[in-house]
Amino acid sequence: MSAPVLLWFKRDLRITDHPALAMAGPRVLPVYIIEPEYWALPDSSARQWAFTTEALGSLRGELAALGQPLVIRKGDAVAELARLCKRYGVSRILSHEEIGNAWTYARDKRVAAWAREVGIDWQELPQCAVVRRLRSRDGWQGARNAFIRQGVAAPPAALEPICTTDLPDRLPDARALGMKPDPCAHRQTGTHKAARATLHSFLATRAETYRAGMSSPVTGERACSRLSPYLALGVLSVREVELARQSTPTDRPGWKASMTSFAKRLAWRDHFIQKLEDEPQLEHRCLHPAHEGLRGTDAARLQAWAEGQTGVPFVDACMRYLMATGWLNFRMRAMLMSFASYHLWLDWRDTGAVLARRFTDYEPGIHWSQVQMQSGTTGINTLRIYNPVKQGHDQDPDGRFIRAWVPELKGIAGEHLHEPWTAPNAGQILGARYPAPVVDLAQAARHARDVMWGLRKDAGFGQTARAIAVKHASRARDTDRSSAGAKRAALRKRPDPAQLSFDL
């Protein structure tokens, strides 16, 4: 009897459209390794682990129905893979190409070195349109479209039972992994059933208000697809979602525009993850090196921002909502990051880690690209210093969102709710039930604007920025031709609105 193929699941917790599972054949040993060192990282959290355990439960059930339950081990990936390969005579491992954080990148390099040393054939397959060792962005969009057109990879009809004993009944909880308590009462559920229900409700009804409702946290909760945590953990594949979108009728008023917008954002998702694949240091270093050392650390400001206690009501409402739900619409994510970087003048690495562990949909490629983009450290994107008061008036005009999440302002009249420091009774509330603003908003924005634009005037800044644009900027459809033409277009291309409305 031939040796089984070991299928290593990571952030691909599904059986539908799983290229590695489809390739493995019926004699496969499906494995997931709980890595305590990963779950101790500053961008990991108990809420993410709780979501993951739900997805693992679904995956385990689906694999068991095929004939071979999911084998779950806890420990170092190299050590656990070595034990399993020895026990079951495995000489071949399949997995997807993970574009994760720096820790998973280093772990995969260790696994690859071990596999070479012991003669194990480890093959990684792409599960999205991101390309390993990409030489140029020229033609990338066309390749991405071709990947989508390949269609969904079908799961096997059945699996041979290789290991059906010594399987844990229960997964360890966050406390058992040494993780801090992280209550998230209103987060989404990680099961496959919940993922498919979310996809169906979006394409059947909720997408009707997608374009109009995505910007406000009041309407975005329903109008946005809410698929991002399922895509981040691989409970659903991008190709699966895109093909479902393509089969959605668009003859209803507004639906064609909504589906077109949604398709663009699915494509932008791969675009941003490709940036991290091309530049792994994006998580730790400013994309444009001129910004290194620009901002410092202020523990008091960082804590106030992280806990929703900055004294700026709309900012605090958004942060508290994120703490309670694990999700926030994109425009408000951008505002939180902009406020932290420009008004509070905090380093993006510190604030980015806070947001990373708050998001149940944390996707490193998207997250760190956007964190740097909203902090102005890419050198190629327009500086956008969000005015949090204006954003509040625009996105929560009647103050309903602020009232729900900042109840300390109950005594503040509606006309002063977005700027409670202007209220006649401000002295009775600010500093007592609710903090006064930690910074002068106008003064802080002016300082940030002067510093950031001044930096862009320095000699050599533009030359470096142009090199960054050639490597990372998107190629417009009509410039996806010759290498030289695409590079020129990338340098002169205006920022795409989709980059500032990246909402799933």
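Refer to the preceding data block for the structure.
Since this is a predicted model, take the numbers as computed values, not measurements.

Novice: Would you take a moment to explain the overall build of the protein chain for this structure?
Specialist: From N to C terminus, the protein chain includes 23 helices and five strands. Relative to the compact-globule value of 23 Å for 504 residues, the protein chain shows a C-alpha radius of gyration of 24 Å, a close match. For the protein chain, the C-alpha atoms occupy an extent of roughly 80 × 55 × 50 Å along the three principal directions. Once local pairs closer than 6 in sequence are excluded, the contacts in the protein chain between residues at least 24 apart make up 78%. Here the protein chain displays about 21200 Å² of accessible surface, and carbon together with sulfur accounts for 52% of that area. Separation between the mean location of the 69 positive side-chain charges and that of the 52 negative ones in the protein chain comes to 3 Å.

Novice: How should I be thinking about the sheet that holds strand β3 (residues 71-74) in this particular structure?
Specialist: One key point about sheets: their strands pair by backbone hydrogen bonds, in either a parallel or an antiparallel sense. Strand order in the open sheet formed by five strands is β3-β2-β1-β4-β5, and the pairing between neighbours is parallel. Either end of the sheet is taken by a strand with one partner, and the two such strands are β3 and β5 (121-125). Neighbouring strand axes in the sheet, compared pairwise and without regard to direction, differ in orientation by 30° on average. The pairing of strand β4 (residues 92-96) with β5 spans five bridges and is parallel. Bridged to serine 95 within β5 is glutamate 124. Against the sheet, helix α3 (residues 46-66) makes contact with β1 (5-9), β2 (28-34) and β3, and its axis sits at roughly 165° relative to β2, the strand it touches most. In this fold helix α5 (residues 102-118) packs onto β1, β4 and β5, with an angle of close to 145° to the strand it touches most, β5.

Novice: Could you clarify how one ought to interpret the environment of tryptophan 122 in this entry?
Specialist: Its location among the elements puts tryptophan 122 in strand β5. Between the C-alpha atom of tryptophan 122 and that of leucine 7, which follows or precedes it by 115 residues, the distance is 9.8 Å. For tryptophan 122, the contacting residues outside a window of four places in its chain are Trp8, Lys10, Ile93, Ser95, Asp108, Val111, Ala112 and Ala115.

Novice: Please explain the nonpolar core as it appears in this structure.
Specialist: Within soluble globular proteins, side chains that are nonpolar tend to cluster in buried spots. Residues Tyr32, Trp49 and Trp305 are the most contacted members of the largest nonpolar core, which totals 103 residues. Those residues in contact with tryptophan 305 that sit more than four places away from it in its chain are Thr310, Met319, Leu336, Phe339, Ala340, Leu344, Thr351, Val354 and Leu355. With 22 residues, the next largest nonpolar core counts Leu29, Val111, Ile120 and Trp122 among its residues.

Novice: I keep staring at the packing of helix α14 (residues 313-325) against helix α15 (residues 330-343) and nothing clicks. Help me out?
Specialist: Angle between the axes and distance between the axes: these two values describe a pair of packed helices. Direction vectors running N to C along α14 and α15 enclose 120°, while the axes themselves pass 10 Å from each other. Relative to α15, the element α14 lies oblique. Both α14 and α15 take part in a crossing whose hand is left-handed. Taken together, the residues of α15 that come into contact with α14 (itself represented by Phe314, Val315, Cys318 and Met319) are Met332, Met335, Leu336 and Phe339. Looking at side-chain class alone, the contact of α14 with α15 contains eight nonpolar, no polar and no charged residues.

Novice: Would you explain the environment of aspartate 251 in this entry?
Specialist: Structurally, aspartate 251 is set in the loop between α11 (238-246) and α12 (255-278). On a C-alpha basis, the gap between aspartate 251 and leucine 227 in space is 23 Å, while along the polypeptide they are 24 residues apart.

Novice: Teacher, can you tell me more about the state of the cysteines here?
Specialist: When the sulfur atoms of two cysteines share a covalent bond, that bond is a disulfide. The tally for this structure, following the rule as stated, stands at zero disulfides. As a non-bridged cysteine, cysteine 85 has cysteine 163 as the owner of its nearest cysteine sulfur, 13 Å distant. In this model cysteine 184 remains outside any disulfide bridge; the closest cysteine sulfur is found in cysteine 318, 15 Å from its own. When its relative accessible area of 12% is taken as the criterion, cysteine 184 is described as buried.

Novice: Would you mind going over the pairing of β1 with me for this structure?
Specialist: Two faces make up the sheet, and in a regular strand the side chains alternate between them. The buried count for β1 comes to five of five residues, which makes it a mostly enclosed element. Every second residue of β1 is oriented toward a common face, with Val5, Leu7 and Phe9 on one face and Leu6 and Trp8 on the other, all of them buried. Bridge analysis of β1 against β2 gives five bridges, and the strand direction is parallel. Note on β2: the bridge partner recorded for tryptophan 8 is valine 31. As a crossover connection, the stretch from β1 through helix α1 (residues 19-24) into β2 is right-handed. Relative to β4, β1 runs parallel, the two being bridged by three bridges. By the bridge assignment for β4, leucine 6 is matched with isoleucine 93.

Novice: Can you walk me through the pattern of salt bridges in this structure?
Specialist: Charged atoms that come close allow side chains of opposite charge to pair. Counting across every chain of the model gives 29 salt bridges. One salt-bridge network, in which partners are shared between bridges, spans Lys10, Arg11, Glu35, Glu98, Arg107, Asp108, Arg269 and Glu363.

Novice: In this structure, what is going on with the packing of aromatic side chains? I would like to understand it.
Specialist: Pairs of aromatic rings are described using the distance from one ring centre to the other and the angle between the two planes. Taken as a whole, this structure holds 13 aromatic pairs when the rule is applied. For the ring pair tryptophan 8 and tryptophan 122, a centre distance of 5.8 Å and an interplane angle of 45° mean the geometry is tilted. Here the residue tryptophan 8 occupies a position in strand β1, and tryptophan 122 occupies one in strand β5, the gap between them amounting to 114 residues. Residue classification places tryptophan 122 among the buried residues on the basis of a relative accessible area of 14%. For the ring pair tryptophan 268 and phenylalanine 272, a centre distance of 5.8 Å and an interplane angle of 35° mean the geometry is tilted. Of the two residues, tryptophan 268 and phenylalanine 272 are both situated in helix α12; the distance of four residues between them amounts to about one turn of the helix. Residue classification places tryptophan 268 among the buried positions, given a relative accessible area of 9%. Since its relative accessible area comes to 0%, phenylalanine 272 is described here as buried. Here the aromatic residues Tyr38, Trp39, Trp49 and Trp103 are joined through ring pairs into a cluster of three or more. In this arrangement the basic side chain of arginine 239 is found over the ring face of phenylalanine 147, its NZ or CZ atom lying 4.3 Å from the centre. For the cation-ring pair, arginine 252 lies above tryptophan 255, with the distance from its terminal atom to the ring centre recorded as 3.7 Å.

Definitions and limits used
Residues numbered from 1 in each chain as written. Predicted model: local features only at pLDDT ≥ 70, side-chain atom pairs only at ≥ 80, totals over all residues. Heavy atoms only, no water. Helix = DSSP H or I, 4+ residues; strand = E, 2+ residues; numbered from the N terminus. Rg over C-alpha atoms; globule rule 2.2 N^0.38 Å. Contact = heavy atoms within 4.5 Å. Areas by Shrake-Rupley, 256 points an atom, 1.4 Å probe, with all protein chains shown as cover. Lys, Arg positive; Asp, Glu negative; His and termini not counted. Charge placed at Lys NZ, Arg CZ, Asp CG, Glu CD. Pairing = 2+ DSSP bridges. Axes fitted to C-alpha atoms, helices over the stretch in contact; angles between N-to-C directions. Core = buried A, V, L, I, M, F, W, Y, C linked by side-chain atoms within 4.5 Å. Buried < 20%, exposed > 50% of the residue type's maximum accessible area, 1.4 Å probe, protein only. Parallel < 35°, antiparallel > 145°, perpendicular 65-115°, else oblique. Left-handed = near helix turned anticlockwise from the far one by under 90°. Nonpolar A, V, L, I, M, F, W, Y, C, P; charged D, E, K, R; others polar. Disulfide = S-S within 2.5 Å. Right-handed = clockwise from strand over helix to strand, strands pointing away. Salt bridge = Lys/Arg side-chain N within 4 Å of Asp/Glu carboxyl O. Phe/Tyr/Trp six-rings, centres within 6.5 Å; stacked < 30°, edge-to-face > 60°. Lys NZ or Arg CZ within 6 Å of the ring centre and 35° of its normal.

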